[in-house]
Amino acid sequence: MNTYRTMYFPPNSTFLSRSRGVVLAAAQEFPRWYSTKSLTTFVAQACIWTSSLPPLGTFKQRYLYSDKFVNGSKPELVIVDIKAYKMDDFYAFYVSQVASRTQSIVVALEHRFYGKSFPNSSPTTADLRKLLQTNQAIADLVTFREFIIKKYGLSGVKFVLMGCSFAGSLAAWARVKHPDLFLGAVASCPVINLKYDFPEFLNTYGDLFSNKRIGGSPECLAFIRRVSGIIKGKIATSAGRRQIESVFGLRAMYLEDQKTRLLW
């Protein structure tokens, strides 16, 4: 199956012309690997804020660093593998293929409120609305880049962002917002033009669930639709919501919030 990627590189980019075939290669799964260094934390200075407020403080985010692909001299590139899930699930995927052919350093940053990188220990819904925003995640990448340059002595080295799905969107947005800091971005399956009512996104998944070439089937899609219909019916009543909370291990009364129900 072909893997399509949206690429954000400046015209006539040396890296793009040298690595075009590598970046567009079909994704291959690689064994799980961790840096020779253990999972580490760094203090992200002034990274907790809202668009209308001054910085509120600092918090710690986990990251991974690996120079296993660098052969000898100082590398030309640092590949930032954006992680939109737990760092404990980190594995190289197609990033390793690009890094090995370009002899690049690979780093990965755990997204705020994912894994163990929490700005506060017990966030409320109000906290998440203030502190879990796309512009803040992009600012985290900028701060992380500065940290990596200083800690590992990488002044003058170019940074490229890579990510899949939401992480791919984040890579593209960060590149567009900070073209002076990031040489380019490889965005795999990104959702760029977000909108509240987005049936096209679900239609794409429907096509995948029914595609026999990748393990799907019409029966699989029919089953998912049937279960979704059951959940939709249950969530409309108080008794049904309690049943859903029990089945999925949610806290009591979690689904009484109307905005939360909309997500289901």
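All chains use their own residue numbering, which begins from 1 and follows the written sequence. This being a predicted model, a pLDDT of at least 70 is required before a residue's local features are given, and a value of 80 or more before pairs of side-chain atoms are given or counted; all residues contribute to the totals for chains, interfaces and linings. Note: side-chain values were computed over all heavy atoms of the structure, leaving out hydrogens and water.

Going by an unreviewed UniProt entry, the chain carries the name Thymus-specific serine protease and comes from Perkinsus chesapeaki.

S.K.: How do you make sense of a nonpolar patch on the surface when you look at a structure like this?
M.R.: Surface patches are drawn from residues lacking salt bridges whose relative accessible area is over 30%; two like charges belong together within 9 Å, two nonpolar side chains (Val, Leu, Ile, Met, Phe, Trp, Tyr) within 5 Å. Surface exposure here means Shrake-Rupley accessible area, sampled with a 1.4 Å probe, where a residue is shielded only by the protein chains that are shown. Should a side-chain nitrogen of Lys or Arg be within 4 Å of a carboxyl oxygen of Asp or Glu, the pair is scored as a salt bridge. A cluster of nonpolar residues, F201, L202, Y205, L208, F209 and I214, forms a patch on the protein surface that exposes about 530 Å² of accessible area. Structurally, the position occupied by Y205 is in helix 6 (residues 199–209). Think of it in three bands: with a 1.4 Å probe and only protein chains considered, a residue is buried below 20% of the maximum accessible area for its type, exposed above 50%, and partly exposed in between. Taking the relative accessible area as the measure of exposure, Y205 reaches 36% and is therefore partly exposed. What counts as a helix is a DSSP run of H or I of at least four residues, what counts as a strand is a run of E of at least two, and both are numbered from the N terminus.

S.K.: How should I be thinking about the packing of aromatic side chains in this particular structure?
M.R.: Two aromatic rings are characterised by how far apart their centres lie and by the angle between their planes. Only the six-membered ring of Trp is used, alongside the rings of Phe and Tyr, when aromatic pairs are assigned; centres must lie within 6.5 Å, and planes under 30 degrees apart are stacked while those over 60 apart are edge-to-face, with the rest tilted. Overall, the coordinates contain five aromatic pairs when judged by the stated rule. Consider the rings of F113 and F118, whose centres lie 5.5 Å apart with planes at 70°: the pair is edge-to-face. For F118, a relative accessible area of 32% translates into the label partly exposed. Among the aromatic side chains, those forming a connected cluster through ring pairs are Y63, F144 and F147. Here, a charge over a ring means that NZ of Lys or CZ of Arg falls within 6 Å of the ring centre while also lying within 35 degrees of the ring normal. In this structure, K151 is placed above the aromatic ring of Y152, and the distance from its NZ or CZ to the ring centre is 5.8 Å.

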